[in-house]
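Residue-level listing of the chains:
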Amino acid sequence: VAAVKETVIKPSIDSSVFNKPKPAPQYGFSYNPAEQHYVALVINKVYIVYGNEAKNAFNRYNRESFRDQPIEITILSLDDENKLMLMSGFSDAFEALEYITKTKPVAGAQVVPWLASDKYSFIVISAGNLELLKTNKDLNGYRKFLEASYPGQL
């Protein structure tokens with residue numbers, strides 16, 4: 001009788017980050033991975049017309065690649081240099097990170113090939129942290145909080 005080799009498929013997102021102890025609040029942001037999250041495309045120093053075109057491109061991409069998941073997109077001007085293209089419809093941080101894992105590698109070539117890769121980046125953010133970010137405008141602090149909360153995931 002031949003031995004059957006079992007294949008283990010490792011998830012693309014390290015789910016152990018959801019089981020770790022809750023980190024101390026940093027920069028005023030809170031770690032709540034079980035809450036609904038947004039995926040945000042941070043668009044830096046780009047004319048609004050390109051932000052609107054990115055929204056249209058991601059709407060097309062989401063309809064084709066995520067048919068079963070209703071993803072709503074809105075654009076929020078965070079400050080003079082940064083706009084957030086917010087995509088809602090993710091039940092938790094894990095689902096939002098999975099979206100980024102699938103989308104980030106194809107974004108530059110298939111979704112927004114006309115947008116330079118140094119002009120945008122992906123983040124995940126809960127509604128509560130988004131409200132705080134809208135108030136304090138500390139995008140760098142939020143990025144540091146994300147790296148501490150989800151090391152190596154973004």
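Right above here is the structure, for reference.
Given the structure is predicted, the values throughout are model-derived calculations rather than measurements.

### Digging into the side chain of Asn-129
Thought 1: Tracing the chain through its elements places Asn-129 in helix α3 (residues 127-136).
Thought 2: If sequence neighbours within four positions are ignored, Asn-129 has contacts with Phe-29, Ser-30, Tyr-142 and Phe-145.

### Here's the deal with the pattern of salt bridges
Thought 1: Taken as a whole and judged by the stated rule, the model has one salt bridge.
Thought 2: One salt bridge connects Lys-134 with Glu-131, and the closest N-O pair in it is separated by 3.0 Å. Within this pair, Lys-134 and its partner Glu-131 are both found in helix α3, separated by three residues, close to a single helical turn.
Thought 3: Look at Lys-134 and you get partly exposed, because its relative accessible area is 31%.

### A closer look at unusual backbone geometry
Thought 1: Residues other than glycine seldom take positive phi values, yet Lys-45 does so here, at roughly 50°.
Thought 2: Of note in this structure, Lys-137 is not a glycine but carries a positive phi near 55°.
Thought 3: Among the secondary structure elements, Lys-137 is positioned in the loop between α3 and α4 (139-149).
Thought 4: Judged by relative accessible area, Lys-137 falls into the partly exposed class, the value being 40%.

### Focus: α4
Thought 1: Taken residue by residue, α4 has Leu-139, Gly-141, Tyr-142, Phe-145, Leu-146 and Ser-149 as its buried positions. On an axial view of α4, the arc spanned by its buried residues comes to 155°, and they lie on one face.
Thought 2: Where α4 is buried, its residues meet β1 (37-44), β3 (82-90), β4 (120-126) and α3.

### Focus on the sheet that holds β4
Thought 1: The strand order β2-β3-β1-β4 describes an open sheet built from four strands, whose pairing is antiparallel. Pairing within the sheet leaves two strands with one partner each, and these edge strands are β2 (72-77) and β4. Within this sheet the neighbouring strands show an average axis-to-axis angle of 25°, counted without direction.
Thought 2: By the bridge criterion, six bridges tie β2 to β3 in an arrangement that is antiparallel. By the bridge assignment for β3, Ser-77 is matched with Lys-83.
Thought 3: Relative to the sheet, helix α1 (residues 48-65) contacts β1, β2, β3 and β4, its axis offset from that of β2 by approximately 165°.
Thought 4: Here α3 sits on the sheet and contacts β1, β2, β3 and β4; the angle it forms with β4, its principal contact strand, is near 115°.

Cut-offs and rules
- Residues numbered from 1 in each chain as written.
- Predicted model: local features only at pLDDT ≥ 70, side-chain atom pairs only at ≥ 80, totals over all residues.
- Heavy atoms only, no water.
- Helix = DSSP H or I, 4+ residues; strand = E, 2+ residues; numbered from the N terminus.
- Contact = heavy atoms within 4.5 Å.
- Salt bridge = Lys/Arg side-chain N within 4 Å of Asp/Glu carboxyl O.
- Buried < 20%, exposed > 50% of the residue type's maximum accessible area, 1.4 Å probe, protein only.
- Arc of directions from axis to C-beta.
- Pairing = 2+ DSSP bridges.
- Axes fitted to C-alpha atoms, helices over the stretch in contact; angles between N-to-C directions.

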